[in-house]
Amino acid sequence: RRKGRRKRSMAAGAGGLVAAAALLLALAGLRPVPAELTDGNSEHLKREHSLMKPYQGAGSAAMPLWDFQGSTMVTSQYVRLTPDERSREGSIWNRVPCFLKDWELHVHFKIHGAGKKNLHGDGLALWYTQERLTPGPVFGSKDNFHGLAIFLDTYPNDEATERVFPYISAMVNNGSLTYDHSKDGRWTELAGCSADLRNQNHDTFLAVRYSRGRLTVMTDVEDKNEWKNCIDIAGVQLPTGYFFGASAGTGDLSDNHDIISMKLFQLMVEHPVEDETVDWTKIEPSVSLLKSPKDNVDDPTGNFRSGPLTGWKVFLLLLCALLGIIVCAVVGAVVFQKRQERNKRFY
């Protein structure tokens, strides 16, 4: 009887472990909750960092908060960074450095032109960088920058890529990294997603949120009036005192790249007491928990395979560890039982 009770007890224990494993597998289907963006109200709108209609003489005394250069043209309805012409580049930059530790940028933009299929380019970039008004080869702005860039790339330069274009990606640079156009920036990309944002007949929007080291990028390009998650990365360090801007460039192929508005909102976020002693202007732009850029192989999802251990990645690691413990426990129990039965046969 004791032997029978032991078997039933072990079976019940194994059944409980299996049930727990099944529950965890069911929970594995849960997805991380996307960052909640602001509703775009004016309560925390920072007008000194926002570009909105009527523009009324951007770059002049009538509107002293923004400068532009290159092919940029300001109209009553949009700021056109490049016309649909070859080999053009232009940008617009905020004159006031941003000292907010937590912020959210909403960009209303339009990329359109006469080119069909892959006969258009090159794309548009949004910046939060130390440098401003410096033309260069990276979508109309300088390479080896310090800060954050969000690229809206409309042309695949790497013919071997499996990614679907247009493609949105994020890059953080401390001045040491070079953007590789021939590989569409794949080696220095943090994360990205595909988005059908070109030649749309409806409004297209992008939101960039930075709060407590978490960078979130979301899109609203499907005329559904809702944000869709694109990029979500933890461990991002960005200093204060940098400038917001937008730039675009064309090459042998072209598009109109228009900015309709850029609205910056201050996020009211509590920080630990120790953050009060940090000089946020001295922080070096960086991202933790990432593999070396040279190890970033082509991944259609646009993410590093060993990227930030957040959300479902952490959960899956814990799940695998727990399942391993369960398997070891069951195997150990079976082995122990067999030994007990073998020992009894010698008496």
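Details of the structure are given in the entry above.
Residues numbered from 1 in each chain as written. Predicted model: local features only at pLDDT ≥ 70, side-chain atom pairs only at ≥ 80, totals over all residues. Heavy atoms only, no water.

## Topic: the packing of aromatic side chains
Reasoning step 1: In this structure the tally under the stated criterion is 11 aromatic pairs.
Reasoning step 2: Residues Trp103 and Tyr210 carry aromatic rings whose centres are separated by 6.0 Å and whose planes lie at 40° to one another, so their mutual orientation is tilted. Placement of Trp103 in strand 5 (residues 103–112) and of Tyr210 in strand 10 (residues 204–211) is noted, with a sequence separation of 107 residues between them.
Reasoning step 3: Exposure remark for Trp103: the relative accessible area of 2% places this residue in the buried category.
Reasoning step 4: Since its relative accessible area comes to 4%, Tyr210 is described here as buried. (Phe/Tyr/Trp six-rings, centres within 6.5 Å; stacked < 30°, edge-to-face > 60°. Helix = DSSP H or I, 4+ residues; strand = E, 2+ residues; numbered from the N terminus. Buried < 20%, exposed > 50% of the residue type's maximum accessible area, 1.4 Å probe, protein only.)

## A closer look at the environment of Arg186
Reasoning step 1: Counting through the fold element by element, Arg186 comes out in the loop between strand 8 (167–174) and strand 9 (191–194).
Reasoning step 2: A residue is classified by how much of its surface remains accessible, and Arg186, at 5% relative accessible area, is buried.
Reasoning step 3: Separated by 28 residues in the primary sequence, Arg186 and Asp158 have C-alpha atoms spaced 9.6 Å apart.

## Focus: the state of the cysteines
Reasoning step 1: Applying the stated rule across the entire model yields one disulfide.
Reasoning step 2: The partner cysteine of Cys193 in its disulfide is Cys230, sulfur to sulfur 2.0 Å. Judged by the sign of its S-S torsion, about -105°, the bond between Cys193 and Cys230 is left-handed. Residue Cys193 is located in strand 9, and its partner Cys230 is located in strand 12 (residues 228–233); the two are separated by 37 residues in the primary sequence. Each member of the pair, Cys193 together with Cys230, is buried. (Disulfide = S-S within 2.5 Å.)

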